[in-house]
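Chains, contacts and geometry: an overview
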Amino acid sequence: MLLFFILGLFVHFVFFGSIFDIYFTSPLVHGMTPQFTPLPPPAKRLVLFVADGLRADTLYELDENGNSRAPFIRNIIMHEGSWGLSHTRVPTESRPGHVALIAGFYEDVSAVAKGWKENPVEFDSLINESKYTWSWGSPDILTMFAKGAYGDHVFTYTYDADSEDFGAHDVTKLDTWVFDKVKEFFHAARNNQSLFSKLNEEKIVFFLHLLGIDTNGHAHRPSSREYKDNIKLVDAGMKEMVSILEHFYGNDGKTAFIFTSDHGMTDWGSHGAGHPSETLTPFVTWGAGIKYPQKVSAQKFDDAFLKEWRLESWKRQDIHQADIAPLMASLIGVPFPLNSVGILPVDYLNNTDLFKAESMFTNAIQILEQFKVKMTQKKEVTLPFLFIPFKLLPESKQLNIVRKARSYIKQRKYDEAVSLCKELIHLALKGLSYYHTYDRFFLAINVVLGFLGWTSYAFLLIIKSHFNLTRGVNKEVKKPSHLLSCSCIAIGVFVAFFLLLQDCPWTYYIYCLLPVPIWYAVLREFQVIQDFVTLLLTVPPSYFVGYLLVFILGIEILVLSFFYRYMLTAGLLAFAGWPFITQLWTRAKSISLSWIFFSLLLAAFPLMPVVGRKPDIFLVMGAGLLVLLLSLCVLTSLIKRKDSFINEELLLHLFQMLSVVLSMCVTYSTHSSLRKKQGLPLLNQIISWLILAFSLVLPLLSPTSLFERLFSILLSLMSTYILLSTGYEALFPLVLSCLMFVWIQVEQETLQQRGISCKQKVTSVRFTCSTDITQFRQLYLDDVRRAFFLVFFLVTAFFGTGNIASVNSFDLASVYCFLTVFSPFMMGALMMWKILIPFVLVMCAFEAVQLTTQLSSKSISHYVIVMSMTIVLVFLNGLAHLLTTKKLRLCGKPKSHLI
C-alpha cells in the first residue's frame, strides 16, 4: 500500500507538471536578424511614463465637479497628441505588463515562479536596442530589463524595496522620489560633460516607472481619495518633467512622449485576471513623430466610454499593449525588439506615407523572421514524413507577399503596401502560434491516456481489496500472460526510440512512457474487470440508471461550481433535504435538525460577494466573539462530563482562547492603525507571527479524544484565520466546522441504521497512530456517498468565499497583520495558508468519519484520487493525520483519565 501511495504521488506530480509543458511553455525563439526602418526617425529620444496600476476610466473621467483629475493629460489629448485605450492580456501583473510594453511580447506564465521579477528566459527589448537608457522607479521592474540588456548602456536608479509599503503614511513618495531624482539628474548633467554628451546622442530612452498609484489602489481601493489624488500628483509631476526635458533640449522638437499603464485594477483593489477594469489601460502619446489631435463628428465603439468621458470629438485609437514596443522603436529608429509580436499602429504616426510603409514592412519582416526560425526548429526535430507545415503561409507565399509589398513601395502605392504587410503579419502570427502548440495534441493525448489508466487502476484496486467479487469463484491467481508483458515492453521500446529520433525533451519521455506500465497494471486485473461487470449485470436496470443519474448530477454540480459559485448553494440545499429521504429524520431528529441548520447556513456563503470586495472589520470581530462563546460552552461541557479535568488541558484550552482574543485585538488594532496611515505596529506584527507559529503546535498538546482534538484544531486555526480575514469570510471556517462536527455524528448514525455495529460512541473515540485493520469492513454503496460528500465539502472549502481560480480574488489586505511591505512569495504563502485552513478542517473531520465508521482511509484516498483531488489532498490528509493523532508531552509522565 505504501508503494501505491508513493506511485500515486509521482503520477499526479507528473500530471500536474504536464500542464506547464503543454500550455505554458515559453513562446520565445532566438536566432533572428535585427530589423529597423531604413529612414531617418522623427525623434532622437523617447520618454516613457508608466503609471503602474492606473485604470483608464479613473484617468479619463471627470470628477464630480466636472473637472479632470489629470488636466495636463487632458490638454495633451485635446491639443497636442493622440490617445486611446491599450488592451492588456492576462495575467494582468506588473512584470508581464512591462514586458509587453517594452519587449513587445506577452510573457509566459513561467515567470510567476520567480515572482515576476527575474528573467526566466532571455529576450530582446527596446531598452536593449537603445543607445542609452536611463530609468527611475521600482527595483522589481527596472532591474529585470537592466539584467536582460547587453553591454553597459542601461542605467537604473531605484529606491529601496522596503519603500513599497502598503501601510505607509504616504505612498505617493514613491512617485515624488522618481520626479525628484529626474530633476536632480538633469541638473547634474549640465555640470557633467560626459553625461551631457551621452544625453545629446540619438536613440536614447528615459523610463519613469511610477508605482504610487498601484500601491494606493491595493491599500485603499481605486475609488479612494488617495488613489485619485495620486493621479493628480502624477499628472502634475509629468507636466514638470516635460517642461524640464524641453528646456534641457532647447525645445528642439525631437522628443517623443508616451504615457500608459501596465495594467488596471478591480474595484476591490486587486489585479491579475481579465476583468475590463484590469485589462483596459490609458494610452496617450505626443511629441516628435506623433499625430496631433483629430476632431471627428462620430466614432463607433462597442462601449459608451467616449460619452462618459466627454471625449466624443477627439479621435480615439485603441491598440494592443504589445503594439507599443514597435511604435517606440519606430519613433527613435532602433531595431524592433526581436521577440516582439506587436503590430505597428501606423495611424499614430505623423510622418510621410513612405516612412509608414517602410516601418510596416520592417515590422512584417521582423515577425516573419520569428516564424521562419520557429518552423525550422520544429522541422529539425520532427521526422520528415510526420512534419505538417503551416499551410496558410508556405515559403512561396512568403516570397510572393514580400516581393509584392516591396514593389508597392517602389510604385508609391503605400496604402496597398501597408495593407499587404498587415496581412503577412497576421499570417505569420498564426503560424507562430501553430508551431508553438505543435506538440500540444500529442502530449495531451498521452497525459489523458495516463490519467485514465491511473484512474482505472485505482478503481480496480478498490474493487479488488474491498469487494467480495472473486472469492469462492476462482481462488487461483492467474499469472499475467507473457504476451501482455512482451507487448508492453515492445511498445515502451518503440515509444522511446520514436522520441529519441525526434530529439524530444526528457519530460516527453515521462509523459509518453508512463501510460505503458499503468495500462499494463490495469490489463493484469482483467479478471477483476470481468467479475465487476458480472456484478453490475445483476443490478436491476432501474436501480442502475437511477444511481448513474444521481452520480452524473453530483459530478455536474461539482464541475459547474468551478465557474458558478451559486451551484455550491444548490448542492448544500440538496444536502439539507437529504435526511428527509432517509431514515435519519425519524431516528435522529436532533442531529437531522442540526445538519439542516448548518447546511442552510453554509449555503449562504457562496451567494455572498468574493472576499475583499466589501471589507468589514466588525464581522471579523463578530466571528471571534462567536468562537469564544462556543469555546466557553465546550469548556463547560467538558468540565461537567469529566470526573477530573487535568490542569494541563484546562490551561491549554484557556491559552487557545487567549490566542483568539489576541487575534481579535491585533486585527482591530492593525486595521485602525492602517486607516490612520500609521503603518503596521511592530508589536502587532510579532504577535501575529507567533500566533501563526503556535497554531499547528498547540493542537498536538491536546488529548487525542476525537471531540477535544478536533475542537483544539479549530481554535488554533481560527486564531490564524481571524488575522487573515477582512470581512465575512471569518465566519466561514466556524460554520464549516460546525457542519463537520454534525457530519461525524450523522455518518455514525447512518452506519448504525445499516446494522453495522459501532463499538464506541463519538465522545469516547480516540485518534490513534496505529489502526486496528481488523475493525475495517467492506465497502458499501453508502461509502461512495461519503466520498462524494468529502469532495463536495473540499470544493466548498475552496470556492465558498471566493473564486480562487481567478487571480484577482486575492486581497493583499488579508496579510496586513503580518507584513505590509511588498513581498510576493511571503504574501502568496500567507494567502495560500488562508485558503488551506478550511481544507484542513474538512480533512480532520473526515479523519474522524473514517475512524467512527470503521472505514479504511486508504480506500477512500483511492476514491478521492479517482475524483482527481490529488496532490494537495494527499498532503492535507497527512497533515490531518498528524494533527489528530500525535501527542506532545511537555514534561512528566502522561496522566490517564476517564471520559
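Scope of this entry: the structure provided in the associated data block. Since this is a predicted model, take the numbers as computed values, not measurements.

Of the regular secondary structure elements, the protein chain holds 34 helices and eight strands. Per-residue burial over the protein chain gives 55% buried out of 899 residues. Taking contacts inside the protein chain between residues at least 6 apart in sequence as the whole, the part at least 24 apart equals 80%.

Across the interface, helix α3 (residues 71-79) lies against helix α10 (residues 225-248) with an axial gap of 7 Å and an inter-helix angle of 60°. One way to sum up the angle between α3 and α10 is to call them oblique. Contacts between α3 and α10 involve Pro 71, Phe 72 and Ile 73 from the former and Asp 235, Met 238, Lys 239 and Val 242 from the latter.

Let us now look at the sheet that holds strand β6 (residues 255-260). Spatially, the eight strands line up as an open sheet ordered β4-β3-β5-β1-β6-β7-β2-β8, and their pairing is mixed. Either end of the sheet is taken by a strand with one partner, and the two such strands are β4 (154-158) and β8 (319-320). Each of β3 (132-137), β4 and β5 (204-210) touches helix α7 (residues 173-189); the most contacted strand, β5, lies at about 150° to it.

A separate point is a nonpolar patch on the surface. On the surface, Leu 536, Phe 544, Val 545, Leu 548, Leu 549, Phe 551 and Ile 552 cluster together to form a nonpolar patch covering roughly 590 Å² of accessible area. Ranked by residue count, the leading element in the nonpolar patch is helix α22 (residues 541-561), at six residues. The residue Leu 548 is located in helix α22 in this model. A residue is classified by how much of its surface remains accessible, and Leu 548, at 40% relative accessible area, is partly exposed.

Before going further, it helps to spend a moment on the pattern of salt bridges. What the rule picks out here adds up to 20 salt bridges. The partner of Glu 729 in a salt bridge is Lys 834, with the nearest N and O atoms 2.9 Å apart. With Glu 729 in the loop between α29 (706-723) and α30 (732-753) and Lys 834 in helix α32 (residues 824-852), this residue pair connects regions lying 105 residues apart in the sequence. With respect to class, Glu 729 is no different from Lys 834; both count as buried. Through salt bridges that share partners, Arg 225, Glu 226, Asp 229 and Lys 677 make up one connected network.

This paragraph deals with unusual backbone geometry. The step from Val 90 to Pro 91 runs through a cis peptide bond, and the omega angle for that step is 0°. The topology assignment puts Pro 91 in the loop between β2 (81-87) and α4 (94-103). One non-glycine residue, Arg 310, lies in positive phi territory at about 60°. Inspection of the secondary structure assignment puts Arg 310 in the loop between α12 (305-309) and β8. Of note in the backbone geometry, Arg 412 takes a positive phi value of approximately 65° without being a glycine. Assignment of secondary structure puts Arg 412 in the loop between α15 (395-410) and α16 (414-436).

In this fold, Ile 489 is placed in helix α18 (residues 482-501). In sequence terms Ile 489 and Pro 517 are 28 residues apart; their C-alpha atoms lie 8.8 Å from each other.

Quick notes on the rules
Residues numbered from 1 in each chain as written. Predicted model: local features only at pLDDT ≥ 70, side-chain atom pairs only at ≥ 80, totals over all residues. Heavy atoms only, no water. Helix = DSSP H or I, 4+ residues; strand = E, 2+ residues; numbered from the N terminus. Buried < 20%, exposed > 50% of the residue type's maximum accessible area, 1.4 Å probe, protein only. Contact = heavy atoms within 4.5 Å. Axes fitted to C-alpha atoms, helices over the stretch in contact; angles between N-to-C directions. Parallel < 35°, antiparallel > 145°, perpendicular 65-115°, else oblique. Pairing = 2+ DSSP bridges. Patch = residues over 30% accessible without salt bridge, like charges linked within 9 Å, V, L, I, M, F, W, Y side chains within 5 Å. Areas by Shrake-Rupley, 256 points an atom, 1.4 Å probe, with all protein chains shown as cover. Salt bridge = Lys/Arg side-chain N within 4 Å of Asp/Glu carboxyl O.

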